[in-house]
Amino acid sequence: MLITHDTECALDALVELLNTSPEACGQEALPDLPALRGFVAHRELSEVGRLTATDLDAIRLLRARFWEVLGAPTIPEAAELLNSLIARAGTTPRLTDHDGHDWHIHYFAPGAALADRMAAESGIALSMVLVAGERERLRRCEAPDCVRVFVDLSRNRSRRYCDSRTCGNRLHVAAYRARQRVAPPPEAELGSTRSAAVGETTPETPGVGVGT
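Everything numeric here is computed off the predicted structure, so don't read it as measured data. (Residues numbered from 1 in each chain as written. Predicted model: local features only at pLDDT ≥ 70, side-chain atom pairs only at ≥ 80, totals over all residues. Heavy atoms only, no water.)

Engineer: Residues and numbers for the overall build of the protein chain, please.
Structural biologist: Broken down by element type, the protein chain carries eight helices and four strands. When the helices and strands of the protein chain are placed in sequence order, the string is α-α-α-α-α-β-β-α-β-β-α-α. Out of the 212 residues belonging to the protein chain, those deemed buried represent 34%. Look at the contacts in the protein chain between residues 6 or more apart in sequence, and 53% of them connect residues 24 or more apart. Surface accessibility of the protein chain: about 13,300 Å² in total, with carbon and sulfur atoms responsible for 55%. (Helix = DSSP H or I, 4+ residues; strand = E, 2+ residues; numbered from the N terminus. Buried < 20%, exposed > 50% of the residue type's maximum accessible area, 1.4 Å probe, protein only. Contact = heavy atoms within 4.5 Å. Areas by Shrake-Rupley, 256 points an atom, 1.4 Å probe, with all protein chains shown as cover.)

Engineer: Outline the nonpolar core, listing residues and values.
Structural biologist: Core analysis: the largest hydrophobic core is formed by 42 residues, its most contacted members being Ile-59, Leu-62, Phe-66, Leu-114 and Met-118. Only helix H1 (5–18), helix H3 (33–43), helix H4 (53–71), helix H5 (75–89), helix H6 (114–131) and strand E4 (149–151) provide two or more residues apiece to this core. The leading source of residues in this core is H6, at ten residues. If you look at the next biggest cluster of nonpolar residues, it comprises seven residues, including Ala-143, Phe-150, Tyr-161 and Cys-162. (Core = buried A, V, L, I, M, F, W, Y, C linked by side-chain atoms within 4.5 Å.)

Engineer: Help me get a handle on H1, residues and values and all.
Structural biologist: Helix length check: H1 (14 residues) gives 20 Å between terminal C-alpha atoms against 20 Å at 1.5 Å per residue, within 8%. What H1 keeps buried is the set Thr-7, Ala-10, Leu-11, Ala-13, Leu-14, Val-15, Leu-17 and Leu-18. On its buried side, H1 packs onto helix H2 (22–25), H3, H4, H6, strand E3 (138–140) and E4. (Expected span 1.5 Å × (residues − 1).)

Engineer: An account of the pattern of salt bridges is needed here, citing residue identities and associated values.
Structural biologist: A full pass over the atoms with the stated rule returns five salt bridges. Across the salt bridge formed by Glu-142 and Arg-160, the nearest N and O atoms sit 3.1 Å from each other. Placement of the pair is Glu-142 in the loop between E3 and E4 and Arg-160 in the loop between E4 and helix H7 (164–182), with a sequence separation of 18 residues. According to the relative accessible area criterion, Glu-142 is partly exposed, its value standing at 44%. Judged by its relative accessible area of 41%, Arg-160 falls in the partly exposed class. (Salt bridge = Lys/Arg side-chain N within 4 Å of Asp/Glu carboxyl O.)

Engineer: I'd like a rundown of the side chain of Asn-19, residues and numbers included.
Structural biologist: By secondary structure assignment, the location of Asn-19 is in the loop between H1 and H2. When neighbours within four sequence positions are excluded, Asn-19 is seen to be in contact with Ala-24, Cys-25, Arg-148 and Val-149.

Engineer: How would you explain the environment of Leu-130 if you had to name every residue and give the values?
Structural biologist: For Leu-130, the location among the structural elements is in helix H6. Relative accessible area serves as the criterion here: at 15%, Leu-130 is assigned to the buried category. Sequence separation of Leu-130 and Ala-79 is 51 residues, and the distance between their C-alpha atoms is 7.8 Å. In this structure, Leu-130 is in contact with Ile-75, Ala-78, Ala-79, Leu-82 and Arg-135, ignoring residues within four places of it in sequence.

Engineer: Residue-level account of the packing of H4 against H6, with values.
Structural biologist: Running from amino to carboxyl end, H4 crosses H6 at an angle of 20°, the nearest separation of the two axes being 9 Å. With respect to H6, the element H4 is oriented roughly parallel. Considering the relative orientation of H4 and H6, their crossing is right-handed. Contacts between H4 and H6 involve Asp-55, Ala-58, Ile-59, Leu-62, Phe-66, Val-69 and Leu-70 from the former and Leu-114, Ala-115, Met-118, Ala-119, Ser-122, Gly-123 and Leu-126 from the latter. Grouping the constituent residues of the contact of H4 with H6 by class yields eleven nonpolar, two polar and one charged. (Axes fitted to C-alpha atoms, helices over the stretch in contact; angles between N-to-C directions. Parallel < 35°, antiparallel > 145°, perpendicular 65-115°, else oblique. Left-handed = near helix turned anticlockwise from the far one by under 90°. Nonpolar A, V, L, I, M, F, W, Y, C, P; charged D, E, K, R; others polar.)

By themselves, these observations are geometric and do not establish any function.
Now the structure itself:
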């Protein structure tokens, strides 16, 4: 699947937004305006004006609607939800090369509210994934104690964890320790080897016959 840099950025922003929810991290990671400003700064979202409590409420609502898209049981239902989400955002595609970046497309109208901007950008990006028949690339982490989501952009869809350095390594360590508990200790193996050596008998060498 060919994904442009802009689409990848929009998908990453969507994943980060989804993972701020209590469903994903166990608590509200966007509890107030400073947290929302931190999210915007971390994602380096351009053209974002002064944020208010209205923006905070709207972005939480948008997050819930994107969760509905991910949880839709069928592609037609997911498509219907996306169509509604994008339509409400009032998309206005336009070319831009802001901040020294190469030419790319912004799908939100100039001066759009943060929630409308993310609904347009991430909604279009997720739509492209859906059209390509790659909906399963946006999925939950396979670690049993993690419910975060991630986007798998590997060629063979082989990524399993939201973060290989945390969930991935943790499971690898757990599997290693489980194998160590099952395997016999080195002393036991050495003792068994020695016992076998003592118990072995060397067959007698047959005598040489003398002709009569």
